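Survey of secondary and tertiary structure
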Amino acid sequence: MTSPPAYLTEYLNKLAKDEGFVEHTLHYESGSNHGDGFVAVMVAVTIKGKKTVDADGEDELSLMCKLLPENRARREFFNSYMLFEREVCVYSRFLPMFEKFQNDRNISRSDGFFQYPKCYLAVANAADDHYVIVMENVKVSNYELWDKMKPVDFDTSSIFLQTLGRYHAISIALRDQKPELFKELLDLEDILTAMVELPNITNMMHGAMDKAIEHLTCEDEKNILRKLRDDYKQSIQNLFAPGAAGHLGVLLHGDCWNNNFCFKTDANNKPSEICLFDWQVSCVGSPVLDLSYYLLTSTTKELRVRYTDLIEVYHNSISELLTKLGSDPIKLCPIDELNRQLKQFGVYGVIMAPILLQVIVSDSKNIVDMDSVTADTDNIDMATMDDKSKIVYRDRISDALQDAIKFGWINL
């Protein structure tokens, strides 16, 4: 990896002092692999040293640092400044707000939403060009990314859906019990609508849909994507319009696919705990926007056969935490309303599937090198698929469309 920016070292030296180190050294290494992320750069850091001068051994603190890339064109392509500021906002304001709300109601760690890394520092300082989020490195606690080539089973998907349900439940309870706090969420700019105004993003989304259309063999499926392609910008604006979700509006994660959470496994090597990260497109909207995005990008048709069961897992999780928080789930999140919104907002997963699935089915070496972006770049092909990946991609896109039709999310 390249040398870390000087300001990162300054922040980490101060953090080491705040954490009680009287002497320390900083050890840097790359925090991710090629193809794991696109907007930011991850750097793993270990602080090693002593918290008392006469200590026999060393103390260690393992951290993961998120930075903007040095490549300015890469930053500009995605408007990474806006995305980074949003993630800083979530870590510094809203996750602490959610944690306090739960703690005030004596919600235990096992019953509530606490499945995210501890954040030590979150800075978005445009004047000094300092953009950094410093979190605990959950990898040292044996959390690992899910192998995106491996289909997710029902139990693993249920862990995520239970966690997502708890996360969404807090917004619903805030609206019910602390409307002044919930208003702070509503004051957030709709970041997805802002992004679709960027010509580069529109070109990239259109290109992904064109690639999906090219790979499909069924003319009806091609026509669905052609229409979504032509209406892409208006569809996003409608889906994320203020108030569109009514009383079910929640603070979304916004980027719910398998590369944005990791799992810890139990003695039988089965996932048992989860940790969510990457909050850079978080905004307020229907919970279905997170649900449909996840179901059509990160699960397969073999799992979606149990669609009703998966929705039940999610809804039960919302209901259970709402009850424990002191709100009425029957009044605030009835299953009939969730099912209605699934039909209204589920198309979002279809819109996002073409761009995400090409990354998911491709070997890491075939995913675009984001540092190849220059000031003249106006479009990005996210992955160069080999023959095997093309077949998997075609099938996954077709399956997503057929399931969306079956679920009532889109019409032929």
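For the structure itself, consult the block above.
This structure is a prediction, so every number in the text was calculated from the model and none was measured.

1. A few points about the overall build of the protein
Within the protein, the secondary structure is distributed over 16 helices and 10 strands. For 412 residues, the compact-globule formula gives about 22 Å, and the C-alpha radius of gyration of the protein, at 21 Å, lands near that figure. With the principal axes as the frame, the protein shows a C-alpha extent of 75 × 55 × 45 Å. Residue burial in the protein is summarised as follows: out of 412 residues, 56% are buried. Once local pairs closer than 6 in sequence are excluded, the contacts in the protein between residues at least 24 apart make up 75%. Working note: accessible area of the protein is about 17900 Å², and carbon and sulfur atoms make up 48% of it.

2. Things to note about the pattern of salt bridges
If charged atoms from side chains of opposite charge come close, those side chains can pair. Scanning all chains against the criterion turns up 25 salt bridges. Between aspartate 309 and arginine 306 there is a salt bridge; the shortest N-O distance is 3.1 Å. With a relative accessible area of 37%, arginine 306 lands in the partly exposed category. Of the charged contacts, one joins aspartate 395 and arginine 394 as a salt bridge, the two residues approaching to 3.1 Å between their closest N and O atoms. Take aspartate 395: its relative accessible area is 33%, and that puts it in the partly exposed class. Among the residues examined, arginine 394 registers a relative accessible area of 28% and is labelled partly exposed. Via salt bridges that share partners, Lys66, Glu87 and Asp278 belong to a single interconnected network.

3. A word on the packing of helix H4 (residues 154-177) against helix H10 (residues 287-298)
One way to put it is that H4 packs onto H10 with a least axis distance of 11 Å and a crossing angle of 165°. With respect to their mutual orientation, H4 and H10 come out roughly antiparallel. H10 is crossed by H4, and the crossing has right-handed handedness. Listed contacts from H10 to Ser157, Phe160, Leu161, Leu164 and His168 of H4 are Pro287, Asp290, Leu291 and Tyr294. When the residues that make up the contact of H4 with H10 are grouped by side-chain class, the tally is six nonpolar, two polar and one charged.

4. Regarding the packing of aromatic side chains
Enumeration over the complete set of coordinates arrives at 19 aromatic pairs. Feature note: the residues Phe98, Phe113, Tyr116, Tyr167 and Trp279 constitute an aromatic cluster, connected by ring pairs. Just above the ring of phenylalanine 21 sits the side chain of lysine 51; from NZ or CZ to the centre is 5.1 Å. A cation sits over an aromatic face here: arginine 306 above phenylalanine 154, 3.7 Å from the ring centre.

5. Remarks on the sheet that holds strand E2 (residues 41-50)
Reading across from one edge, E1-E2-E3-E5-E4 is the order of the five strands in this open sheet, with antiparallel pairing throughout. Because the sheet does not close on itself, it has two edges, and the strands there are strand E1 (23-30) and strand E4 (119-125). Put simply, the sheet's adjacent strands are angled 25° from each other on average, direction ignored. Where E4 meets strand E5 (residues 130-136), six bridges bridge the pair, whose relative direction is antiparallel. Across the sheet, residue valine 123 finds its bridge partner in E5, namely valine 132. Running over the sheet, helix H3 (residues 80-103) touches strand E3 (59-67), E4 and E5 and is turned about 40° from E5.

6. Some thoughts on the pairing of E2
Judged by how many residues are buried, E2 sits mostly within the fold: seven of 10 residues are covered. Sheet topology places E1 next to E2; eight bridges connect them, and they run antiparallel. What sits directly across from histidine 24, in E2, is glycine 49. As defined by bridge partners, E2 adjoins E3 across nine bridges and the pair is classed as antiparallel. Residue threonine 46 lies in a different strand from E3, and its bridge partner there is serine 62.

Calculation criteria
- Residues numbered from 1 in each chain as written.
- Predicted model: local features only at pLDDT ≥ 70, side-chain atom pairs only at ≥ 80, totals over all residues.
- Heavy atoms only, no water.
- Helix = DSSP H or I, 4+ residues; strand = E, 2+ residues; numbered from the N terminus.
- Rg over C-alpha atoms; globule rule 2.2 N^0.38 Å.
- Buried < 20%, exposed > 50% of the residue type's maximum accessible area, 1.4 Å probe, protein only.
- Contact = heavy atoms within 4.5 Å.
- Areas by Shrake-Rupley, 256 points an atom, 1.4 Å probe, with all protein chains shown as cover.
- Salt bridge = Lys/Arg side-chain N within 4 Å of Asp/Glu carboxyl O.
- Axes fitted to C-alpha atoms, helices over the stretch in contact; angles between N-to-C directions.
- Parallel < 35°, antiparallel > 145°, perpendicular 65-115°, else oblique.
- Left-handed = near helix turned anticlockwise from the far one by under 90°.
- Nonpolar A, V, L, I, M, F, W, Y, C, P; charged D, E, K, R; others polar.
- Phe/Tyr/Trp six-rings, centres within 6.5 Å; stacked < 30°, edge-to-face > 60°.
- Lys NZ or Arg CZ within 6 Å of the ring centre and 35° of its normal.
- Pairing = 2+ DSSP bridges.

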